[in-house]
Amino acid sequence: MAPAAHALKITFDEADHRLRMSGPLDIHQLAQARQVLQKLQQKQVQLASADLRGVTALDTAGALFLLRWLRDIPMEFGDAAHQTLVQHIGSLELPQPKHSPAPRHDMRAALVSIGRWVDARRVDARDILTFTGKALVLLSRSARQPGGIRYGAVCQHIYAIGVSALPIIGLMAFLISIVLAYQGIAQLRPYGGEQFTVNLVALSILREMGVLLTAIMVAGRSGSAFTAEIGVMKAREEVDALQVMGLEPFAMLVTPRILAIIIALPLLTFYADLMGMFGGYIIIHSLIGISLEQYLDRIHAAVSLGDLFAGMIKAPVFAFFIGVVGCMHGLRVSGSAESIGYETTAAVVKSIFLVLVLDAFFSIFFEQVGL
Amino acid sequence: MSTPRDDIILSVQHIENRFGEQRVHDDVTLDIRRGEIIGIVGGSGAGKSVLLKTMLGLHTPNAGEVLVQGKPLASLTPRDLAGLFGVLFQQGALFSSLNVERNITLPMREYTDLPDDVQQQLALMKLALVEMKPEVAQKMPAELSGGMIKRAALARALALDPAILFLDEPTAGLDPLTADAFDTLIRTLNETLGVTVVMVTHDLDSLVGICHRVAVLVDRKVIVDRLPNLMENKHPWIQEYFHGPRARAAVAASAARQKE
């Protein structure tokens, strides 16, 4: 092919008002062609005819261009296929593109969107309550008929939630106790009370940090996994398949997961407590030279069984709600792959938020009962 | 031009594909002629999809090469490829986060400097080409039915007026009426735009009705011919495939249609 064939040339003959085009008229030449024609239009020249015999290639974009700009004048084609194409495109019903009006930012729109948001939260609250109720009914049924529990599935989930999370939970508790010990020593040293760092670390790990951080980690790790797993099953109609086989999806998918997380999270919490105290010992020992006997002695004096209990009692409650929120969002998936991502995000945010709210309530409750 | 024949738009030369021990293609050679509609058939596991992926450059063969207009596939830039190939994937593969119009204009946005309103006009024209209503432009892929997804994906495949249109089971999962309409649409596009069509299909009606030639993948080789000649072929799989009750019905239906 000659190099000249790669560029579009448009010339206008003033003598006979004839427009000549040569070269390819395709989507890549369109911007240039538009500019030439716009200039001619500005000069208000009268076009009488168009000579397109030199056009080497014409695509649908080029054909649409010819129809927009040269519809009213006779066009002479060199290639019969080009003429057919222009006729075909001309025969399509093409609407004028509508310019969508810019979104209005007025008071009403703002109020409407606030209202929508509040309504969505109301639906959320109702769904969580309904789902909690259902889950409680099924759990109590499991308690009355332990034979109906799917132990295989429960064990599998305990492994996924608990055993495989041991390294990350242990590391997290260890690191958090280092942070606490450092801060404690730095704050208490001016008063000569750096010995009390042990009390600080042990109490805050046992009562709050151990269970709270473990719950947040599990919400991010396993709550999201619940949503994604159940969501994919929902999107692929596997949930419907269970239903038509007469197997209740709720009992098959939700109950084992919630049972497993209720068992796994307290165990993980206890493990995190131990790792936290161990981390606390390492750092306090290296900073203020306290021995293991002294460390254990101080813990014994500072901490009662009630402190351990105050932390551990929260774990199954957090676990239940993480499970409920994760499974609920999984079953909310509507079929598109996009909604799985959306629901997973919502589940993680909501379960962590719920954990923090519940923790605040527990603090108030323990204060009231003097635990 | 380095091609011996100018009418060969894409040429698969001595392709070999292996997956572990399993050899899918052994010295497969296939020439695709400019302007034809060619159907690719074969039993499941015969390597239809792998052949399609090899042609598209999504899969690198263990041996052999693919020539597009005489040039090796590997030597072409992404920009060249975007203008040469349009692909309709089996599930449509519309980008789920973009509406139909943005799906169609995405390659235009990337490869041309046309103003937005012109791109929008072009998108509406592509939709009209695949016989869809302009209202569809603002819909999200999740809101479309199976047949509409295929059409919208076809409109996107046509965005840059490709020289070759690859269709992966275009009529699979469509009801017979929609499938017939889709076949007619493909033939119309082939006739009016002059686009070469390569389709992997199991739809005997499409094979009989619109394909100029059929390539059959059997025994790791490809046998390509016009359909009437293929039906004479003595290979047992081909005999079974083209002489089963469904094939006979498709041939009879096509003959009846031609009489009309």
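What you see is a predicted model; the values in this text were computed from it and never measured. (Residues numbered from 1 in each chain as written. Chains lettered and ligands numbered in written order. Predicted model: local features only at pLDDT ≥ 70, side-chain atom pairs only at ≥ 80, totals over all residues.)

**Student:** Quick rundown of the overall build of chain B? Include the residues and the values.
**Tutor:** Helices and strands together make up the secondary structure of chain B, namely ten helices and ten strands. Over its C-alpha atoms chain B spans a radius of gyration of 19 Å, differing by no more than 12% from the 18 Å that the globule rule assigns to 260 residues. Taken over the C-alpha atoms alone, chain B extends approximately 55 × 45 × 35 Å along its principal axes. Burial status across chain B gives 42% buried among its 260 residues. Contacts in chain B between residues at least 24 apart in sequence constitute 68% of all its contacts with a sequence separation of at least 6. (Helix = DSSP H or I, 4+ residues; strand = E, 2+ residues; numbered from the N terminus. Rg over C-alpha atoms; globule rule 2.2 N^0.38 Å. Buried ≥ 20, exposed ≤ 12 C-beta atoms within 10 Å, placed from the backbone. Contact = placed C-beta atoms within 7 Å.)

**Student:** So what about the overall build of chain A? Which residues, and what values?
**Tutor:** Across its full length, chain A holds 13 helices and four strands. At 36 Å, chain A has a C-alpha radius of gyration far larger than the 21 Å of a compact globule built from 371 residues. Here the C-alpha coordinates of chain A stretch approximately 110 × 60 × 50 Å along the principal axes. The buried share of chain A, taken over its 371 residues, is 33%. Looking at chain A alone, contacts between residues at least 24 apart form 82% of all its contacts between residues at least 6 apart.

**Student:** Outline the interface of chain B and chain A, listing residues and values.
**Tutor:** Taken residue by residue, the interface counts 21 residues in chain B and 22 residues in chain A. Every element with two or more residues in the side of chain B that touches chain A is listed here: helix H4 (116–129) and helix H6 (176–193) of chain B. The element contributing the most residues to the side of chain B that touches chain A is H4(B), with eight residues. Of the residues in the side of chain B that touches chain A, the class split is eleven nonpolar, seven polar and three charged. (Nonpolar A, V, L, I, M, F, W, Y, C, P; charged D, E, K, R; others polar.)

**Student:** Could you give an account of the packing of helix H1 (residues 30–42) of chain A against helix H2 (residues 60–70) of chain A, naming the residues involved and the relevant values?
**Tutor:** A pair of packed helices is characterised by two quantities: the angle between their axes and the separation of those axes. Residue and element names in this part refer to chain A. In contact at an axis separation of 11 Å, H1 and H2 are set at 10 degrees when each is read in the N-to-C sense. By the criterion of interaxial angle, the relationship of H1 to H2 is roughly parallel. The handedness of the crossing between H1 and H2 comes out as right-handed. Each of Leu30, Ala33 and Leu37 in H1 lies in contact with H2, whose residues at this interface are Ala61, Gly62, Phe65 and Trp69. (Axes fitted to C-alpha atoms, helices over the stretch in contact; angles between N-to-C directions. Parallel < 35°, antiparallel > 145°, perpendicular 65-115°, else oblique. Left-handed = near helix turned anticlockwise from the far one by under 90°.)

**Student:** Describe in detail the sheet that holds strand S1 (residues 8–19) of chain B, supporting the description with residues and values.
**Tutor:** All names here are of chain B. The strand order across the open sheet built from four strands is S2-S1-S4-S5, with neighbouring strands paired in antiparallel fashion. At either margin of the open sheet sits one strand with a lone partner, and together these are strand S2 (22–33) and strand S5 (71–72). Bridging between strand S4 (residues 63–68) and S5 involves two bridges; their strand directions are antiparallel. Bridge pairing links leucine 67 to proline 72 in S5. In the packing of helix H1 (residues 48–56) onto the sheet, contacts are made with S1, S2 and S4, and the angle to S1 comes to roughly 125 degrees. (Pairing = 2+ DSSP bridges.)

**Student:** Requested: an account of unusual backbone geometry, with residues and values cited.
**Tutor:** For A:His17, which is not glycine, the phi dihedral falls at a positive 50 degrees. Non-glycine residue B:Asp27 carries a positive phi angle of around 55 degrees. Following the sequence through the fold, B:Asp27 ends up in strand S2. The class of B:Asp27 is partly exposed, set by 13 C-beta atoms lying within 10 Å.

**Student:** If you had to explain the nonpolar core to someone new, which residues and values would you point to?
**Tutor:** Among the nonpolar cores identified, the biggest contains 90 residues, and B:Ile40, B:Ala155, B:Ile164, B:Phe166 and B:Val197 are the most heavily contacted of them. Here this core takes eight residues from H4(B), the largest share from any one element. Apart from residues no more than four positions distant in its own chain, B:Ala155 is found in contact with B:Ile104, B:Lys126, B:Leu127, B:Leu129, B:Val130 and B:Met132. Grouped together as the second largest cluster of nonpolar side chains are 58 residues, A:Val198, A:Ala215, A:Ile262 and A:Val325 included. (Core = buried A, V, L, I, M, F, W, Y, C linked by C-beta atoms within 7 Å.)

**Student:** Before we move on, could you go through the environment of B:Leu185 and cite the residues and values that matter?
**Tutor:** All names here are of chain B. Its location among the elements puts leucine 185 in helix H6. The partly exposed category is assigned to leucine 185, around which 18 C-beta atoms lie within 10 Å. Along the primary structure leucine 185 and valine 251 are separated by 66 residues, whereas in three dimensions their C-alpha atoms are 20 Å apart. Contact partners of leucine 185, with chain neighbours within four places excluded, come to Val130 and Glu131.

**Student:** Break down helix H3 (residues 100–111) of chain B for me, with residues and values.
**Tutor:** When H3(B) is considered as a whole, its buried residues turn out to be B:Val100, B:Glu101, B:Asn103, B:Ile104, B:Thr105 and B:Met108. Buried residues belonging to H3(B) abut H4 and helix H5 (146–157) of chain B.

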